[in-house]
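# Residue-level structure breakdown
Chain by chain, the residues run as shown.
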Amino acid sequence: MTRECSPPAPTPTGTPLSGSVLAEAAVVFAVVLSIHAAVWDRYSWCAVALAVQAFYVQYKWDRLLQQGSAVFQFRMSANSGLLPASMVMPLLGLVMKERCQAAGNPFFERFGIVVAATGMAVALFSSVLALGITRPVPTNTCVISGLAGGVIIYIMKHSLSVGEVIEVLEVLLIFVYLNMILLYLLPRCFTPGEALLVLGGISFVLNQLIKRSLTVVESQGDPVDFFLLVVVVGMVLMGIFFSTLFVFMDSSTWASSIFFHLMTCVLGLGVVLPWLHRLIRRNPLLWLLQFLFQTDTRIYLLAYWSLLATLACLVVLYQNAKRSSSESKKHQAPTIARKYFHFIVVATYVPGIIFDRPLLYVAATVCLAVFIFLEYVRYFRIKPLGHTLRSLLSLFLDERDSGPLILTHIYLLLGMSLPIWLVPRPCTQKGSLGGARALVPYAGVLAVGVGDTVASIFGSTMGEIHWPGTKKTFEGTMMSVFAQIISVALILIFDSGVDLNYSYAWILGSISTVSLLEAYTTQIDNLLLPLYLLILLMA
């Protein structure tokens, strides 16, 4: 099935638009226009212009993927996903700016503008890349992208300070280099849209860490924020280092495995910990221990989470034991079995959000580091666990894990954690997160933990009416919306800090819109859906 993102009439050199791509684009445009109506300033007009040009350029990316003409090897079981991915950072920056402006925090208000400008810059770069390698040159699409890009650059030039422009260009430069390195090292792990979203976010985090390291002042910033930045950048740099190193040596030998563990200790103790010490001005290990065991509530939560982690491991072992006893060597875990982990994650995050969000913030960061490290061990076949992890996790693969890395569990963790990590805490004061915005920390729980899980289970077991052009069903989507509404009611009962203030219509519209996006998108929904629900709830 071919896909096109251009006007309804097919072009002589193109192919007709698929219904699923058009429906996905319609949902994204509905979100963009909703944010535009809520913000209504020059930056939101830039977002609209960016969405229009991304809609046209997405078709060019799709055609490049179909023809095998893309510069790198992308995941082939999905469309390019340029439009939904292009709009995440700009829209997130816009709503962040509005909320911080309402909270009277000019620093984070400007930060939101920088986030939006950075998102637009990396999205425009991805568009230019697609247009530059498309043959013959798509004149009409080039004109539309040029006009949209010209408007965005003109407005941002007159809105950003010199320092902010330099910051945007720094992120763009890092993004270009990360694209060249990681897309070469990790073929078929991303679609162009997923690469834009993931690598754009990593580039922004890396630039923020460099900036704060160079301008660090004692007592400036929250150690919790620095901990996240250092962990993310440290794990990415560690992966690049070992990927380059194991090009020249066999990673599956005992000698290489011992070297891997020694170098991990060297990088952790010699680079990451000193870097974190410079930022927080105290011993990182002592700070972490004091933070984790500061109150009895935290001790109880950590014990509870340890039990859930043990339960998750038992589920993996049980499913693999069933595979061993099955006659079919190609036995795969059913959809319901894979969704067990979604239920476990919901049971993990909800108490953390209610009782201690800073602890959840740090615990999710530690869990992310552990997940990435174990994926390195599996990918490089590091002894003694590498081959065991390959065998255990292969049971839970789906069509989205077509590359050398298994990323779905990491995306699940990110989807649940990003609503906790992304909202600046100084902008959550003075009632700026009242109404529907009180549900922002629960965006991952609602969109992925509840909505995606219920849609998948009921759609695969009871669904009969399929959405046009997709495998998703109407029954699954309706049950997803219904389950999320029930979850909101339960949140109101158990979390006394949530006051929706009669914003029920906006909440229902946001949940329904994101559920429709889940039905039509072919991108990683564990990552995309929470971000769009977060954006809508913050607006």
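Further up the page is the structure itself.
The following refers to the structure shown. (Residues numbered from 1 in each chain as written. Predicted model: local features only at pLDDT ≥ 70, side-chain atom pairs only at ≥ 80, totals over all residues. Heavy atoms only, no water.)

## A short note on the side chain of Ser 80
Secondary-structure assignment places Ser 80 in the loop between helix H2 (42-67) and helix H3 (82-86). Owing to a relative accessible area of 0%, Ser 80 belongs among the buried residues under this scheme. Excluding its chain neighbours within four sequence positions, the residues that come into contact with Ser 80 are Gln 58, Trp 61, Asp 62, Leu 65, Thr 191, Pro 192, Gly 193 and Gln 523. (Helix = DSSP H or I, 4+ residues; strand = E, 2+ residues; numbered from the N terminus. Buried < 20%, exposed > 50% of the residue type's maximum accessible area, 1.4 Å probe, protein only. Contact = heavy atoms within 4.5 Å.)

## A short note on the environment of Leu 147
Relative to the helices and strands, Leu 147 resides in helix H6 (residues 139-157). The exposure class of Leu 147 is exposed, given its relative accessible area of 59%. Sequence separation between Leu 147 and Ala 49 is 98 residues, and the spatial gap between their C-alpha atoms is 8.6 Å.

## Thoughts on the environment of Val 315
Checked against the element boundaries, Val 315 lands in helix H12 (residues 296-325). For Val 315 and Lys 471, which are 156 residues apart along the polypeptide, the C-alpha to C-alpha distance reads 27 Å. Apart from the residues within four sequence positions on either side, Val 315 is in contact with Tyr 340, Phe 341 and Ile 344.

## Details of the pattern of salt bridges
A side chain with one charge may pair with a side chain of the opposite charge, provided their charged atoms come close. Applying the stated criterion to the full structure yields 9 salt bridges. The shortest N-O distance in the salt bridge between Lys 97 and Asp 41 comes to 2.9 Å. Here Lys 97 is found in helix H4 (residues 88-102), whereas its partner Asp 41 is found in the loop between helix H1 (19-39) and H2, with 56 residues between them in sequence. Per residue, the accessibility class of Lys 97 equals that of Asp 41, and both read buried. Across the pair Asp 356 and Arg 298 runs a salt bridge whose closest N-O atoms are separated by 2.6 Å. Separated by 58 residues along the polypeptide, Asp 356 in the loop between helix H13 (335-355) and helix H14 (357-380) and Arg 298 in helix H12 bring together distant segments of the chain. (Salt bridge = Lys/Arg side-chain N within 4 Å of Asp/Glu carboxyl O.)

## Here we look at the packing of H14 against helix H15 (residues 386-393)
One can describe the packing of H14 onto H15 by two numbers: an axis separation of 7 Å at closest approach and a directional angle of 100°. Here H14 is positioned roughly perpendicular relative to H15, judged by the angle of their axes. Residues Leu 374, Val 377, Arg 378 and Tyr 379 of H14 form the contact with H15, whose own contacting residues are Gly 386, Leu 389, Arg 390 and Leu 393. For the contact of H14 with H15, the residue count by class is 5 nonpolar, 1 polar and 2 charged. (Axes fitted to C-alpha atoms, helices over the stretch in contact; angles between N-to-C directions. Parallel < 35°, antiparallel > 145°, perpendicular 65-115°, else oblique. Nonpolar A, V, L, I, M, F, W, Y, C, P; charged D, E, K, R; others polar.)

## Description of the side chain of Glu 164
Position of Glu 164 relative to the elements: it lies in helix H7 (residues 162-185). Glu 164 sits in the buried class, given a relative accessible area of 11%. Within the structure, Glu 164 has its side chain in polar contact with the side chain of Arg 110 (distance 2.7 Å). Not counting chain neighbours up to four residues away, the residues in contact with Glu 164 comprise Arg 110, Val 114 and Ser 159. (Polar contact = N/O pair within 3.5 Å; in protein donor to acceptor, adjacent residues only side chain to side chain.)

## Digging into the nonpolar core
Counting 173 residues, the largest nonpolar core has Ile 35, Met 87, Leu 91, Phe 190, Leu 439 and Tyr 532 as its most contacted members. If sequence neighbours within four positions are ignored, Ile 35 has contacts with Trp 40, Leu 91, Leu 94, Val 95, Ile 535, Leu 536 and Ala 539. (Core = buried A, V, L, I, M, F, W, Y, C linked by side-chain atoms within 4.5 Å.)

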